[in-house]
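Given next are the chains, with one letter for each unit.
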Amino acid sequence: MTGGDGNQQVGLSGVLEDSVEDLYDNAPCGYLSTRLDGTIAKINATLLRWLGYSRDELVGHRRFADLLTVGGRIYSETHLAPLLQMQGQLNGIALEMRTADGTRLPVFVTSVVKAGDDGQPLLIRTTIVDARERRSYEAELLRASQAAEDARRQAEAARAAAQAATATVEVERVRLAELARTLQKTLLPPRLLPVPGLDVAAAYHAASVDEVGGDFYDLFALREGAWGLFLGDVCGKGAEAAAITSLARYTLRAAAVYDSDPAVVLRNLNTVLLQEQQGRTPRFCTVVFGVLTPAGTDGAFLLTLAAGGHPPAVMMRADGTAATLDTPGGQLMGVFDAPRIVTATVRLEPGDTLLLYTDGLTEARSRRADSRRYGEDALLGFATSLAPTTATEAVAAVTTLLDGFGAGVDDDTALLALSVPASTSR
């Protein structure tokens, strides 16, 4: 054994031979023992540091209930104490303790009654686990739920589930996955509005069932003979991204009622996003907004699009060709005070199909050894192989393509397609 190894072994032995009292005092969780009336008889240094008290201030002078918040004290005396007396133990109870400076410390409490040889209770031993990070995470989920106006009932269920959650990792994962699915449903329209003379289809491909994504889309009536549509992608995932997604969706709908000019609608969204972010971490999004109107008697439609940093749409023509719409240079929404917004107008003839998508599609990785990003060029080639097609067929084909990437899809993808039915004379 080398000298360095020997020194290391000696140091390790010293750590392993720490006294039981030292292990108790400096454990990663709090320990205290109380008499049957709740008076503190022993407390470890870890819990003293968390609470900001000295040992002399608590031992023999204060009860465990005195360290709880008012609500926690009432709950402890009316519910926990009787249960502990009957059952002899309590496991994983969520409470809040009051520190010496008056702040709240969320904790999980486990208590066991210690009995003597004669079976009579002698004292109560309690283990306390710091739950601040856990509570902060729960609060973030709750804020996201409340931000979605049409998800209030689901938010109440989420808060109840979070408050009732145990330390079991698998149970927590299942509950978070259910919350993510519920919130995701509220951020998308339950069905697409039918447009006379047009085939419309949409799909949402989630990269993970455990996180709420930031992709969104919608199609709605603006006025007689005009429809609005949009598709976008909020930066990031999780509760905060879900809140911004909800805000963006409702802002776009509301802004279009007052002025449906696509560029104006996006500028209004940008203003709202900047106001929402004051003093907080910036959350931006890419988005494309369009106004759809009939164009003559041959069944064609005109679509005017405004793009803010969003991938270009793909047009699949009735003649079997495919091309991207030229909307380069548009800037992200929620970053600049006066972003550059690019607009384009396209005519959808009978047999034509337009596909809008978010970048989860083009950024997916193939299963080949090089694991390259799929990219816009590959998507254009795929679209060419589909043309001519319909909205329903195009969305189904792209969904199958995404499924084929398997674990290579690391971001959610939203799809929205429009097609004019081919003329019967063709």
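The structure contained in this document is the topic of the report that follows. All of these numbers come straight from a predicted model, not from anything done at the bench.

**What about the overall build of the protein chain?**
What the protein chain contains, in helices and strands, is 12 helices and 15 strands. Each of the 426 residues in the protein chain was classed as buried or not, and the buried ones make up 46%. Of all intrachain contacts in the protein chain linking residues separated by at least 6 positions in sequence, the fraction that spans at least 24 positions is 62%. Within the structure as shown, the protein chain displays about 21400 Å² of accessible surface, and the carbon and sulfur contribution to it stands at 53%.

**Describing helix α5 (residues 70–87)**
The first and last C-alpha atoms of α5 sit 24 Å apart over 18 residues, in line with the 26 Å expected at 1.5 Å per residue. At Ser-76, α5 shows its largest kink, close to 45°. Every buried residue belonging to α5 is among Gly-72, Ser-76, Leu-80 and Leu-84, and all of these are buried. For α5, the elements touching its buried residues are β3 (89–98), β4 (104–115) and β5 (121–130). Within two residues after α5, Gly-88 carries a phi angle of roughly 85°, on the positive side.

**Describing the sheet that holds strand β15 (residues 413–419)**
Ordered by their spatial adjacency, 5 strands build an open sheet running β6-β15-β14-β11-β12, and the pairing between neighbours is antiparallel. Because the sheet does not close on itself, it has two edges, and the strands there are β6 (199–205) and β12 (322–324). With direction set aside, neighbouring strand axes in the sheet form an average angle of 15°. Two elements, strand β11 (residues 314–316) and strand β14 (residues 353–357), share 3 bridges in a ladder whose sense is antiparallel. Looking at the pairing, Met-316 lines up with Thr-353 of β14. Helix-sheet contacts for helix α12 (residues 391–405) involve β6, β11, β14 and β15, and the interaxial angle to β6 is about 15°.

Cut-offs applied
Residues numbered from 1 in each chain as written. Predicted model: local features only at pLDDT ≥ 70, side-chain atom pairs only at ≥ 80, totals over all residues. Heavy atoms only, no water. Helix = DSSP H or I, 4+ residues; strand = E, 2+ residues; numbered from the N terminus. Buried < 20%, exposed > 50% of the residue type's maximum accessible area, 1.4 Å probe, protein only. Contact = heavy atoms within 4.5 Å. Areas by Shrake-Rupley, 256 points an atom, 1.4 Å probe, with all protein chains shown as cover. Expected span 1.5 Å × (residues − 1). Bend = angle between axes of the 7 residues up to and from the residue. Pairing = 2+ DSSP bridges. Axes fitted to C-alpha atoms, helices over the stretch in contact; angles between N-to-C directions.

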